[in-house]
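The residues making up each chain are set out below.
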Amino acid sequence: MPRVTPGPTDEDYRRLLELRTGLRRFLRWSERQAEQAGLTPAQHQLLLAIRGHPDPRGPTVGDVADSLLLRHHSVVGLVDRATTAGLVERGPDSQSLSVVRLHLTGKGSAQLEALSEQHLQELAHLAPTLHALWEALEAADGAAADEDRHPAARPRD
């Protein structure tokens, strides 16, 4: 017998809209901050993908492509432009000569650090709102999961 599940409530739609709007506002704000610092939003994301990568040897172009959800050749072009701008440098991998690792230059590190401080402050400001929205979405998801685990509690047709 097919399971009949109720659709999202008006409150669910409101929360989803509020969350998406908040995320889009943050991303728009982030793009403006990057531009004011003399970077394109894509360069800012590239610098963050390099600096935030967990491998101490630095990421490869493929690693960055995975982080940024871009194609390999798109990242190559982005790295080329960032290298020309003095933000990023390529270097050999210590274990394999066929692997190229990416690193920030001093200029790239300084620009990323300044932007990251601004972003962390803004996220701290937004955290209570985003946390409340996230908890509400998790609560709604938890209620649906409880309903799945306890089908006897559901009204039958």
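Only a predicted model underlies this, so the values are computations on that prediction, with no experimental measurement involved.

### A closer look at the overall build of the protein chain
- Scanning the protein chain for helices and strands turns up five helices and two strands.
- In the protein chain, the succession of helices and strands from N to C terminus is α-α-α-α-β-β-α.
- In the protein chain, 56% of the contacts between residues at least 6 apart in sequence involve partners at least 24 apart.
- A total of about 10800 Å² of accessible surface is found on the protein chain, and carbon and sulfur atoms cover 56% of it.

### Considerations on the confidence of the model for the protein chain
- Put simply, the protein chain has an average pLDDT of 88, and 87% of its residues get 70 or more.
- This model gives residues 153–157 a pLDDT under 50, and the stretch forms five contacts once residues within four places in sequence are excluded.

### Quick look at the packing of helix α2 (residues 41–51) against helix α3 (residues 61–68)
- Contact geometry for α2 and α3: axes closest at 10 Å, N-to-C directions at 120°. Here the hand of the crossing between α2 and α3 comes out right-handed. Residues Q45, L46, A49 and I50 of α2 form the contact with α3, whose own contacting residues are V64, S67 and L68.
- When its residues are assigned to classes, the contact of α2 with α3 shows five nonpolar, two polar and no charged.

### Description of the packing of aromatic side chains
- Enumeration according to the criterion identifies one aromatic pair in this entry.
- An angle of 25° between the planes, with centres 5.8 Å apart, marks the rings of F26 and W29 as stacked. Within this pair, F26 and its partner W29 are both found in helix α1 (residues 10–36), separated by three residues, close to a single helical turn. Both residues of the pair, F26 and W29, count as buried.

### Concerning the pattern of salt bridges
- Scanning the model with the defined rule gives nine salt bridges in all.
- Where D55 meets R57, a salt bridge forms, and the shortest distance between an N and an O atom there is 2.7 Å.
- For R57, a relative accessible area of 29% puts it in the partly exposed group.
- If you follow the salt bridges from partner to partner, you end up with D55, R57, D63, D93 and R101 in one network.

### Quick word on α1
- The terminal C-alpha atoms of α1, which comprises 27 residues, lie 39 Å apart, in line with the 39 Å expected from a rise of 1.5 Å per residue.
- Here α1 has its buried residues at D12, R15, L19, F26, W29, S30, Q33 and A34.
- Two residues or fewer after α1 comes G38, characterised by a positive phi angle close to 85°.

Cut-offs applied
Residues numbered from 1 in each chain as written. Predicted model: local features only at pLDDT ≥ 70, side-chain atom pairs only at ≥ 80, totals over all residues. Heavy atoms only, no water. Helix = DSSP H or I, 4+ residues; strand = E, 2+ residues; numbered from the N terminus. Contact = heavy atoms within 4.5 Å. Areas by Shrake-Rupley, 256 points an atom, 1.4 Å probe, with all protein chains shown as cover. pLDDT = per-residue confidence, 0-100. Axes fitted to C-alpha atoms, helices over the stretch in contact; angles between N-to-C directions. Left-handed = near helix turned anticlockwise from the far one by under 90°. Nonpolar A, V, L, I, M, F, W, Y, C, P; charged D, E, K, R; others polar. Phe/Tyr/Trp six-rings, centres within 6.5 Å; stacked < 30°, edge-to-face > 60°. Buried < 20%, exposed > 50% of the residue type's maximum accessible area, 1.4 Å probe, protein only. Salt bridge = Lys/Arg side-chain N within 4 Å of Asp/Glu carboxyl O. Expected span 1.5 Å × (residues − 1).

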